[in-house]
Protein chains: 2
Amino acid sequence: MAIGLMASIALSHVRAAEPVKEDFQISEVNQAGKKFPQVNSEGRVRVQIAAPDAKYVQLDIGGVKYDLTKNEQGMWMGESAPQEEGFHYYQLNIDGASVPDPGTRYFYGAGRWGSGIEIPAHDQEFYALKVVPHGLVSELNYYSGITGKWRRCFVYTPPCYESNIDKRYPVLYLQHGSFEDETGWPGQGKAALILDNLIAEGKAKPMIIVMDNGYAFRAEDEQTTTSSSRPNMVFEEVMIDEIIPLIENRFRTIDHRESRAIAGLSMGANQTMRIVMNNLDKFAYYGGFSGTANYPSATDIDAENFLGGVFSNGERLNDQIKVLWLGVGTTEPDVFQLSIGAFRKMLQKQGIKHYYYESPDTAHEWLTWRRSLYQYTQLLFQ
Amino acid sequence: MAIGLMASIALSHVRAAEPVKEDFQISEVNQAGKKFPQVNSEGRVRVQIAAPDAKYVQLDIGGVKYDLTKNEQGMWMGESAPQEEGFHYYQLNIDGASVPDPGTRYFYGAGRWGSGIEIPAHDQEFYALKVVPHGLVSELNYYSGITGKWRRCFVYTPPCYESNIDKRYPVLYLQHGSFEDETGWPGQGKAALILDNLIAEGKAKPMIIVMDNGYAFRAEDEQTTTSSSRPNMVFEEVMIDEIIPLIENRFRTIDHRESRAIAGLSMGANQTMRIVMNNLDKFAYYGGFSGTANYPSATDIDAENFLGGVFSNGERLNDQIKVLWLGVGTTEPDVFQLSIGAFRKMLQKQGIKHYYYESPDTAHEWLTWRRSLYQYTQLLFQ
């Protein structure tokens, strides 16, 4: 391929020490018809953009910047170091402007809509789009009196939902992390495909999944906020008083604690642990993906005082929580490993049963959370 | 506001001849927390982007480029001439790179995911998000044997759909235009909000709306395509043999021609006119928004030969088609006005009843089509 050849010549002198494997494929997250970005078998990301008058263009993946090289036609091209399997957010830097790559579809993360790249994972079959029955993902707008704002959730209903019109289903409430929103799980999280595949194989019970936005502030608090203060989040109130009643009313749910689960990633793991422990009459399943409510602390937890002492009676909690599930990626930063470790140490001391999963070779990113969802949902509503 | 003041000083000498009204508001299509782009009461669009090392930055709305000015902090800012009411696609040009503005949400149009801007329209109430019951918009993935590809549609179900589980609903199949896709109507088209509001006011019957992708090619044709040839579209076959059976099977529809409507904009108007006229056993309502099947021709139409002579017997067609609806924006390019005019002349000659709507002061853009949908759907399934 002419472009590939040109690139390998242009870049050969600057990257002599690290030869780049020329087996790049068009990325699966590209916009229809766009030839770049591409990914090779080493997990390198190659981007290309026309910017004839630019001084410099860089590929910025998670804050690490890679310089691109311009050819005579004003086309910039270059590639990253090998990336870990799974999904990563990235941007282009054109003469100091951080902008999305016009080649990709866009995803909300890092507090912005921006580019994403998918490094094919060795286990990607579990979230692949396959010829199996597919559920629906529905977008629902609702007015929230607590926040004085319109909010939105996405609701996955399983493939059999429309044909079994008398059947009612259990519900999983599933939350994103910080600087993400309600589009994370149905988008880059691939929640619907993971459940479609699990349900088709009989490995998970058909369930409804509700994906809402974890950011929620009282209207009056937001108005009085100064730049140096941040209002308290009221997501727990929105979840209990608004989201759950909305879903119970609109969908054919089973209104019982043993048919209601909750889970979240990172900030969402912290939030949902507080919600479940404050509302044990409503939930019997908890999943914490890369996060616990003691984050970021790595110090020993005093069960008598932590979250109102809910962990102080291990036997009672073992009766109440049918599945307490924790997961983390093996290459996540220490702060996650250590705070989750301190939390588990407390659980062990209290004799509280729990599942613990390590996602091999993944960081604080979506492949860790896709795998966590895949593991966790198989244990629900059994 | 400091930034606004600075801008008016910086730009005052270059735009002395056309003073800019300093009443800019944050655009409704911005990403959460982003202060730019903004729109003023003249319909000017003001953008801002940090690009400290750029030689030039331009705002590009529909191919018309406006130069921005850099301040000492490396922040570029500037604004467009006044724009027409409604939605427009735009990009930024940074040293020759055409990229989305990091301030906006993104929309698919002009063959790409890119920025959009909304100039508040005097009649925007009909598509505003209001405290009325809201329908769901569901995303459905399906495998198409005809094209050998996975395809996707969005399905609007009216607010009452979940509570009336024995009720069946009529269906409108609604298509986008060229270089757009199935996200156009549920996104910038605001189809769900338009119907939610109409249904709440009792002005439209509750209906299902199916929004699919009008681009469809046979797998074998795509493989043999060279750069100089383009395969034939097979969207009609996909619609009749795949999409309609899929929807009939999955949703509670009324399987009868008088409960099935079709409409499209521009390319979609052309496509759906062919589909309805070839399948009068399946549809009784047609809506052509800014397009007809004789496009781009302005010459007289011979009813005996056009579309297989279906218009030759006006009396028979008047019996078969309950609503034949045409609409166009008053500022659309001549080619649309003239081809639609030639089509209407033929209808009149044949004595074929039809509705004709002109959207005041709108171009070949989404406000024309939002208004068309608003008008057309009030006439359906009565």
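Residues numbered from 1 in each chain as written. Chains lettered and ligands numbered in written order. Predicted model: local features only at pLDDT ≥ 70, side-chain atom pairs only at ≥ 80, totals over all residues. Heavy atoms only, no water.

**Structural notes on the overall build of chain A**
The cut-off we apply is this: Put simply, DSSP H or I for four residues or longer makes a helix, DSSP E for two residues or longer makes a strand, and each gets a number counted from the N terminus. The size measure is the radius of gyration over C-alpha atoms, and the globule rule it meets is 2.2 Å times the number of residues to the 0.38 power. The classification of residues rests on relative accessible area computed with a 1.4 Å probe and restricted to protein chains. Under 20% of the type maximum is buried, over 50% is exposed, and intermediate values are partly exposed. Surface accessibility in these figures is a Shrake-Rupley result with a 1.4 Å probe; residues are shielded only by whichever protein chains are displayed. The charge count treats Lys and Arg as positive and Asp and Glu as negative. His and the chain ends do not count. Charge positions are represented by NZ for Lys, CZ for Arg, CG for Asp and CD for Glu.
When helices and strands are tallied, chain A shows eight helices and 19 strands. For 382 residues, the compact-globule estimate of 2.2 N^0.38 gives 21 Å, and the C-alpha radius of gyration of chain A, at 23 Å, lies within 12% of that figure. Judged by the C-alpha coordinates and their principal axes, chain A covers about 70 × 50 × 45 Å. Classification of the 382 residues of chain A by burial places 58% in the buried group. For chain A, the exposed surface amounts to about 15400 Å²; the carbon and sulfur share of it is 51%. Mean positive and mean negative side-chain charge positions of chain A (36 and 47 charges, respectively) differ by 3 Å.

**Let's talk about unusual backbone geometry**
Omega for the bond connecting Tyr295 of chain A with Pro296 of chain A falls within 30 degrees of zero, at 0 degrees, which places this linkage in the cis form. Locating Pro296 of chain A in the fold gives a position in the loop between β17 (285-289) and α6 (314-320). Each neighbour pair has its own omega, and for Phe36 of chain B with Pro37 of chain B the value is 0 degrees, a cis peptide bond. Position of Pro37 of chain B relative to the elements: it lies in the loop between β1 (25-26) and β2 (38-39). In this structure, Ser266 of chain B takes a positive phi of about 50 degrees despite not being glycine.

**Examining the pattern of salt bridges**
Residue and element names in this part refer to chain A. How we decide: One speaks of a salt bridge when a side-chain nitrogen belonging to Lys or Arg is within 4 Å of a carboxyl oxygen belonging to Asp or Glu.
Inspection of the entire model under this criterion finds 38 salt bridges over all chains. Of the charged contacts in the structure, one is a salt bridge between Glu42 and Arg44, with a shortest N-O distance of 3.0 Å. The class for Glu42 is partly exposed, based on a relative accessible area of 27%. Linking Glu248 and Arg260 is a salt bridge whose minimum nitrogen-to-oxygen distance equals 2.9 Å. Here Arg260 lies in strand β16 (residues 260-265) and Glu248 lies in helix α4 (residues 235-250), a separation of 12 residues in the sequence. For Glu248, a relative accessible area of 16% translates into the label buried. Judged by its relative accessible area of 3%, Arg260 is buried.

**Observations concerning the packing of helix α2 (residues 191-200) of chain B against helix α8 (residues 366-377) of chain B**
Residue and element names in this part refer to chain B. The test is simple: Helix axes use the C-alpha atoms of the stretch in contact, all axes being lines fitted to C-alpha atoms, and the angles between their N-to-C directions lie in the range 0 to 180 degrees. By definition, turning the near helix anticlockwise from the far helix through less than a right angle yields a left-handed crossing, and turning it clockwise yields a right-handed one. Two residues qualify as a contact provided that any one of their heavy atoms is within 4.5 Å of a heavy atom in the partner residue. Charged residues are taken to be Asp, Glu, Lys and Arg, nonpolar residues to be Ala, Val, Leu, Ile, Met, Phe, Trp, Tyr, Cys and Pro, and polar residues to be all remaining types, Gly included.
The interhelical angle for the contact between α2 and α8, taken along N-to-C directions, is 35 degrees, at an axis separation of 10 Å. Like other packed secondary-structure pairs, α2 and α8 cross with a definite hand, here right-handed. For the pair α2 and α8, contact is made by Ala191, Ile194, Leu195 and Leu198 and by Arg370, Leu373, Tyr374 and Thr377, respectively. By residue class, the composition of the contact of α2 with α8 is six nonpolar, one polar and one charged.

**Observations regarding the environment of Ile301 of chain A**
All names here are of chain A. Locating Ile301 in the fold gives a position in the loop between β17 and α6. You can call Ile301 buried: its relative accessible area is 15%. Those residues in contact with Ile301 that lie beyond four places of it in its chain are Asn294, Phe306, Ala342, Phe343 and Met346.

**Overview of the side chain of Arg260 of chain B**
Note the following rule: Whenever two N or O atoms come within 3.5 Å, that pair is a polar contact, provided that in protein one can donate a hydrogen and the other can accept it, and provided that, for residues adjacent in sequence, both atoms are side-chain atoms.
Polar contacts involving the side chain of Arg260 of chain B include one to the side chain of Asp255 of chain B, which spans 2.7 Å. Apart from the residues within four sequence positions on either side, Arg260 of chain B is in contact with Val171, Tyr173, Ile244, Glu248, Ile254, Asp255, Lys282, Phe283, Ala284, Tyr285 and Phe381 of chain B.

**What to know about the pairing of strand β14 (residues 171-175) of chain B**
Residue and element names in this part refer to chain B. The test is simple: Any two strands are treated as partners once DSSP identifies two or more bridges connecting them. By convention, a crossover is right-handed whenever its connection, traced from the first strand over the helix to the second and viewed with the strands pointing away, goes clockwise.
For β14, a buried count of five out of five residues is recorded, marking the element as mostly surrounded by other parts of the structure. Residues Val171, Tyr173 and Gln175 of β14 are buried on one face, and the alternating residues Leu172 and Leu174, pointing to the opposite face, are buried as well. As paired elements, β14 and strand β15 (residues 208-211) share three bridges and run parallel to each other. Bridging across to β15, Leu172 finds its partner in Ile209. Handedness of the β14-α2-β15 crossover: right-handed. Here β14 pairs with strand β16 (residues 260-265) via five bridges, running parallel. When the bridges of β16 are listed, Val171 appears paired with Arg260.

**What to know about the relation of the copies chain B and chain A**
Under the convention used in this document: Here the copies are superposed with least squares, the fitted atoms being C-alpha atoms of residues at a pLDDT of at least 70 in both.
Turning chain B through 180 degrees and shifting it by 0.0 Å along the axis lays it on chain A, with an RMSD of 0.0 Å. These values place the two chain copies in the arrangement generated by a two-fold rotation axis. Within chain B, the C-alpha atom positioned nearest to the axis of rotation is that of Ser138 of chain B, 2.0 Å from it.

**Concerning the domain arrangement of chain A**
All names here are of chain A. Which entries qualify depends on this criterion: Start and end positions for the domains come from either an automated domain assignment or a database one. Note: buried area is the sum, over both parts, of the accessible area (probe 1.4 Å) each one loses when the two are combined.
The domain boundaries assigned to chain A delineate domain 1 (3-119) and domain 2 (126-377). With centres defined by C-alpha atoms, the gap from domain 1 to domain 2 works out at 33 Å. Facing the 14 residues of domain 1 at the interface are 16 residues of domain 2. Of the roughly 1100 Å² buried at the junction of domain 1 and domain 2 (both faces included), carbon and sulfur atoms supply 44%. It is Glu84, Phe87 and Tyr108 in domain 1 that bury the most area against domain 2; as a group they hold 41% of the surface buried on that side. One can count three salt bridges joining domain 1 with domain 2.

**Focus: the pairing of strand β11 (residues 112-119) of chain B**
The element β11 of chain B is extensively covered by neighbouring structure, given that seven of its eight residues are classed as buried. Hairpin connection from strand β10 (residues 106-109) of chain B to β11 of chain B: two residues lie between these consecutive antiparallel strands, with Ala110 of chain B at a positive phi of about 55 degrees.

**Quick look at the sheet that holds β2 of chain B**
All names here are of chain B. With respect to topology, five strands assemble into an open sheet ordered β1-β2-β3-β7-β6, the strand pairing being antiparallel. Each edge of the open sheet is held by one strand with a lone partner, namely β1 and β6 (69-70). Here two bridges tie β6 to strand β7 (residues 75-79), and the two strands are oriented antiparallel to one another. Its bridge partner lying in β7, Lys70 is registered against Trp76.

**A look at the packing of aromatic side chains**
Stated precisely, the cut-off is as follows: By convention, a stacked pair of Phe, Tyr or Trp rings (six-membered ring in the case of Trp) has centres within 6.5 Å and planes under 30 degrees apart, an edge-to-face pair has planes over 60 apart, and any other such pair is tilted. By the criterion adopted, a ring carries a charge over it if an Arg CZ or a Lys NZ lies within 6 Å of its centre and within 35 degrees of its normal.
One pass over the full model with this rule turns up 43 aromatic pairs over all chains. Ring centres of Tyr106 of chain A and Tyr106 of chain B lie 4.8 Å apart, and the angle between their planes is 55 degrees; on these two criteria the pair is classed as tilted. One end of the pair, Tyr106 of chain A, is in strand β10 (residues 106-109); the other, Tyr106 of chain B, is in strand β10, on a second chain. One exposure class covers both Tyr106 of chain A and Tyr106 of chain B, and it is buried. Counting every residue linked through ring pairs, the aromatic cluster contains Trp185, Phe289, Trp325, Tyr357, Trp366, Trp369 and Tyr376 of chain A. A cation over an aromatic ring shows up here: Arg370 of chain B above the ring of Tyr127 of chain B, its NZ or CZ 4.5 Å from the ring centre.

**Considerations on the interface of chain B and chain A**
With 42 residues of chain B at the interface, the matching set in chain A holds 42 residues. Carbon and sulfur atoms supply 60% of the area that chain B and chain A bury against each other, a total of about 3500 Å² over both sides. When residues of chain B are sorted by the area they lose upon contact with chain A, Asp53, Trp150 and Arg250 of chain B head the list and together hold 17% of the total. The interface formed by chain B and chain A contains two salt bridges. The salt bridge partner of Glu162 of chain B is Arg250 of chain A, with a shortest N-O separation of 2.7 Å. The interface formed by chain B and chain A holds 15 residue pairs in polar contact (both at pLDDT 80 or more) in total. If you list the elements that add at least two residues to the side of chain B that touches chain A, you get β3 (45-50), β9 (97-99), β10, β11 and β12 (136-144) of chain B. The element contributing the most residues to the side of chain B that touches chain A is β12 of chain B, with six residues. Partitioning the side of chain B that touches chain A into residue classes produces 24 nonpolar, seven polar and 11 charged. Looking at chain direction, strand β12 (residues 136-144) of chain A and β12 of chain B are connected through three bridges and run antiparallel.

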